[in-house]
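# Coordinates in review
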Amino acid sequence: MNLILLGPPGAGKGTQGHRLSERYGIPEISTGDILRAAVRQGTPLGQEAQRYMERGALVPDEVIVGIVRERLAQDDTQTGFILDGFPRTVAQAETLSQLTEAQGRSIAHVLSIEVPEQELLQRLGGRRQMEGRHDDTAEAVHHRLEVYRRETAPLIDYYRQRGLLRSIPGVGTLDEIFQRITAVCDKL
Ligand code: ADP
């Protein structure tokens, strides 16, 4: 079962991704987590990525595609995977589709978690205080939402046209949202 979690920053992709990973026994691949780990370790990749991340800008496609390609080559993804934070641009989506096709794999569902902008701003403001993420400054949050609207939101139509989009209302309790997602995925 190969899944993509799509949604704006603050939509709860990470939380739902963890739970889905447990329920279905398939790895969650969060490009944000992979990049943050690289930044913490101070690797060359981390040093390059940090410059983009702290501004709320996207890391260049070549960099992120390399990371995902390597991760999807690992054995634990054989029975399925959950992508969180990738693809984020139409170019990344095209690359992913070539990559999976070449491996004889296909995406089952693109779960689009939808949250009104007003609520996102509140959540991201709260998270900044709780987690102290470097890219949760007011300017970086603003920029991430702008980048989402411009670069990532077009993927909603992209996947709808391919018959893969499943819209999930992303408001309510975490359990409610999780149930909406599993109602879709359990049918496979
Ligand atoms: P959020 O969804 O809350 O914005 P993520 O943890 O998914 O945060 O990503 C944090 C940052 O990592 C992004 O703002 C971006 O700089 C970088 N990043 C993560 N995934 C990608 C990607 N697929 N393409 C480019 N940059 C990415």
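Residues numbered from 1 in each chain as written. Predicted model: local features only at pLDDT ≥ 70, side-chain atom pairs only at ≥ 80, totals over all residues. Heavy atoms only, no water.

## Quick look at the environment of Arg69
Mapping Arg69 onto the fold places it in helix α4 (residues 61–72). Residue classification places Arg69 among the partly exposed residues on the basis of a relative accessible area of 43%. Considering only alpha carbons, one finds Arg69 and Arg51, 18 residues apart in sequence, at a separation of 22 Å. (Helix = DSSP H or I, 4+ residues; strand = E, 2+ residues; numbered from the N terminus. Buried < 20%, exposed > 50% of the residue type's maximum accessible area, 1.4 Å probe, protein only.)

## Brief notes about the site of the ligand
The environment of the ligand is formed by 19 residues, the closest being Thr31, Arg36, Ala57, Gly85 and Gln92. For the ligand, an oxygen atom lies 2.9 Å from a polar atom in the side chain of Arg36. Between the ligand and Gln92 there is a distance of 2.9 Å, counted from a nitrogen atom to a side-chain nitrogen or oxygen. Protein coverage of the free-state accessible area of the ligand, which is 550 Å², stands at 96%. (Near = heavy atom within 4 Å. Polar contact = N/O pair within 3.5 Å; in protein donor to acceptor, adjacent residues only side chain to side chain. Areas by Shrake-Rupley, 256 points an atom, 1.4 Å probe, with all protein chains shown as cover.)

## Looking at the nonpolar core
Grouped burial of nonpolar side chains is what soluble globular proteins tend to show. Ranked by internal contacts, the top residues of the largest apolar core, which has 30 residues, are Leu96, Val110 and Tyr159. For this core, the element with the highest residue contribution is α4, accounting for 6 residues. Those residues in contact with Val110 that lie beyond four places of it in its chain are Ile4, Leu6, Tyr159, Leu164, Leu165 and Arg166. Ranked by size, the runner-up nonpolar core spans 19 residues in total, among them Leu111, Val141, Leu145 and Val184. (Core = buried A, V, L, I, M, F, W, Y, C linked by side-chain atoms within 4.5 Å. Contact = heavy atoms within 4.5 Å.)

## Comments concerning the pattern of salt bridges
Scanning the entire structure with this criterion turns up 8 salt bridges. Note that Arg23 and Asp186 form a salt bridge whose closest N and O atoms lie 2.8 Å from each other. Here Asp186 lies in the segment after α9 (174–185) and Arg23 lies in helix α1 (residues 13–24), a separation of 163 residues in the sequence. A relative accessible area of 44% places Arg23 in the partly exposed class. A relative accessible area of 41% means that Asp186 is categorised as partly exposed. The closest approach of N and O atoms between Arg36 and Asp33, which form a salt bridge, is 2.9 Å. With Arg36 and Asp33 both in helix α2 (residues 31–41), this residue pair falls 3 residues apart, about one helical turn. On the accessibility criterion, Asp33 (37% relative accessible area) is partly exposed. (Salt bridge = Lys/Arg side-chain N within 4 Å of Asp/Glu carboxyl O.)

## Quick word on the packing of helix α5 (residues 90–102) against helix α8 (residues 154–161)
Remark: α5 packs on α8, axes separated minimally by 10 Å, with the N-to-C direction vectors making an angle of 35°. Mapping the contact onto sequence places Val90, Ala93, Glu94 and Leu96 in α5 and Pro154, Leu155, Tyr158 and Tyr159 in α8. Across the contact of α5 with α8, the residue classes tally to 7 nonpolar, no polar and 1 charged. (Axes fitted to C-alpha atoms, helices over the stretch in contact; angles between N-to-C directions. Nonpolar A, V, L, I, M, F, W, Y, C, P; charged D, E, K, R; others polar.)

## Here we look at the sheet that holds strand β2 (residues 28–30)
Within a beta sheet, neighbouring strands are joined by backbone hydrogen bonds and run either parallel or antiparallel to one another. Strand order in the open sheet formed by 5 strands is β2-β3-β1-β4-β5, and the pairing between neighbours is parallel. Either end of the sheet is taken by a strand with one partner, and the two such strands are β2 and β5 (165–169). In this sheet, neighbouring strand axes are inclined to one another by 20° on average, regardless of whether the strands run parallel or antiparallel. Sheet topology note: the β2/strand β3 (residues 81–84) ladder contains 3 bridges and is parallel. Considered in β3, the bridge of Glu28 is made with Ile82. (Pairing = 2+ DSSP bridges.)

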